[in-house]
Amino acid sequence: MFLTSTGTLRPLAIELTRPLNNGKPQWKHVYTPYRDATDAWLWKLAKAHVLAHDSGYHQLVSHWLITFFASLSVFRAANEPMNTDMNKTLFMFV
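In this text, all values refer to a predicted model and were calculated from it rather than measured experimentally. (Residues numbered from 1 in each chain as written. Predicted model: local features only at pLDDT ≥ 70, side-chain atom pairs only at ≥ 80, totals over all residues. Heavy atoms only, no water.)

Peer 1: Even after reading the chapter, I still don't get the overall build of the protein, so can you show me in this structure?
Peer 2: When helices and strands are tallied, the protein shows two helices and four strands. Ordered by position from N to C terminus, the α and β elements of the protein give β-β-β-β-α-α. Across the protein, the fraction of contacts at a sequence separation of at least 24, relative to all contacts at a separation of at least 6, is 18%. Element-wise, carbon and sulfur atoms account for 64% of the exposed surface of the protein, whose accessible area totals about 8500 Å². (Helix = DSSP H or I, 4+ residues; strand = E, 2+ residues; numbered from the N terminus. Contact = heavy atoms within 4.5 Å. Areas by Shrake-Rupley, 256 points an atom, 1.4 Å probe, with all protein chains shown as cover.)

Peer 1: Where do I start with the nonpolar core in this structure?
Peer 2: Here is a general trend for soluble globular proteins: nonpolar side chains tend to be buried in one another's company. Counting five residues, the largest nonpolar core consists of Ile14, Leu16, Tyr31, Trp43 and Ala46. Only β3 (14-18) and α1 (37-79) provide two or more residues apiece to this core. Filtering out sequence-adjacent residues up to four positions away, Leu16 remains in contact with Trp27, Lys28, His29, Tyr31, Ala46, His49 and Val50. (Core = buried A, V, L, I, M, F, W, Y, C linked by side-chain atoms within 4.5 Å. Buried < 20%, exposed > 50% of the residue type's maximum accessible area, 1.4 Å probe, protein only.)

Peer 1: How should a nonpolar patch on the surface be read in this particular structure?
Peer 2: On the surface, Tyr57, Leu60, Val61, Trp64, Phe68 and Phe69 cluster together to form a nonpolar patch covering roughly 640 Å² of accessible area. Position of Phe69 relative to the elements: it lies in helix α1. (Patch = residues over 30% accessible without salt bridge, like charges linked within 9 Å, V, L, I, M, F, W, Y side chains within 5 Å. Salt bridge = Lys/Arg side-chain N within 4 Å of Asp/Glu carboxyl O.)

Peer 1: Honestly, α1 in this entry has me stumped. Any pointers?
Peer 2: Residues lying three or four places apart along an α-helix face the same way, a consequence of the helix completing one turn every 3.6 residues. Over its 43 residues, α1 extends 61 Å from the first C-alpha to the last, a length consistent with the 63 Å expected when each residue adds 1.5 Å. Along α1, the sharpest kink reaches roughly 25°, centred on Leu60. Within the sequence span of α1, burial applies to Ala40, Trp43 and Ala46. Of the surrounding elements, those touching the buried residues of α1 are β3 and β4 (27-31). (Expected span 1.5 Å × (residues − 1). Bend = angle between axes of the 7 residues up to and from the residue.)

Peer 1: Got a minute to help me understand the environment of Leu20 in this structure?
Peer 2: With respect to the helices and strands, the residue Leu20 is situated in the loop between β3 and β4. Exposure remark for Leu20: the relative accessible area of 66% places this residue in the exposed category. In this structure, Leu20 is in contact with Pro25 and Gln26, ignoring residues within four places of it in sequence.

Peer 1: Teacher, can you tell me more about the packing of aromatic side chains here?
Peer 2: Here the distance between the centres and the angle between the planes together describe a pair of aromatic rings. Applying the stated criterion across every chain, the model contains one aromatic pair. Geometrically, the ring pair formed by Trp64 and Phe68 is stacked, given 5.7 Å between the ring centres and 5° between the ring planes. Highlighted residues: Trp64 and Phe68, both in helix α1, separated by four residues, approximately one helical turn. (Phe/Tyr/Trp six-rings, centres within 6.5 Å; stacked < 30°, edge-to-face > 60°.)

Peer 1: Help me out: how do you make sense of unusual backbone geometry in this one?
Peer 2: Within the chain, Asn22 stands out as a residue other than glycine whose phi angle is a positive 50°. Mapped onto the secondary structure, Asn22 falls in the loop between β3 and β4.

Peer 1: How should I be thinking about the confidence of the model for the protein in this particular structure?
Peer 2: Note: predicted coordinates in regions of low pLDDT should not be interpreted at a detailed level. With 84% of its residues at a pLDDT of 70 or more, the protein shows a mean pLDDT of 80. For the protein, the element scoring lowest by mean pLDDT is helix α2 (residues 84-92), at 56; β4 scores highest, at 90. (pLDDT = per-residue confidence, 0-100.)

Pasting the structure below:
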């Protein structure tokens, strides 16, 4: 990442890697900002790939997992029987 004079971060390179999978060899390639028309499209595709994975991670962590764990605690609390001291305390306020 490069910090520009306006204070924004600009990516210098994007490395995409495909791990070993079903006998296919590992694949690595580094994409840099474009110098010609072909590199311009490859750079845009690499940025789109990174943004797609970033948004998928965001959706998983901030929405699905947090919602799951928040609702899990509510369901557990609602389904647990109250102990006798809590029942007496609640009965006093009714």
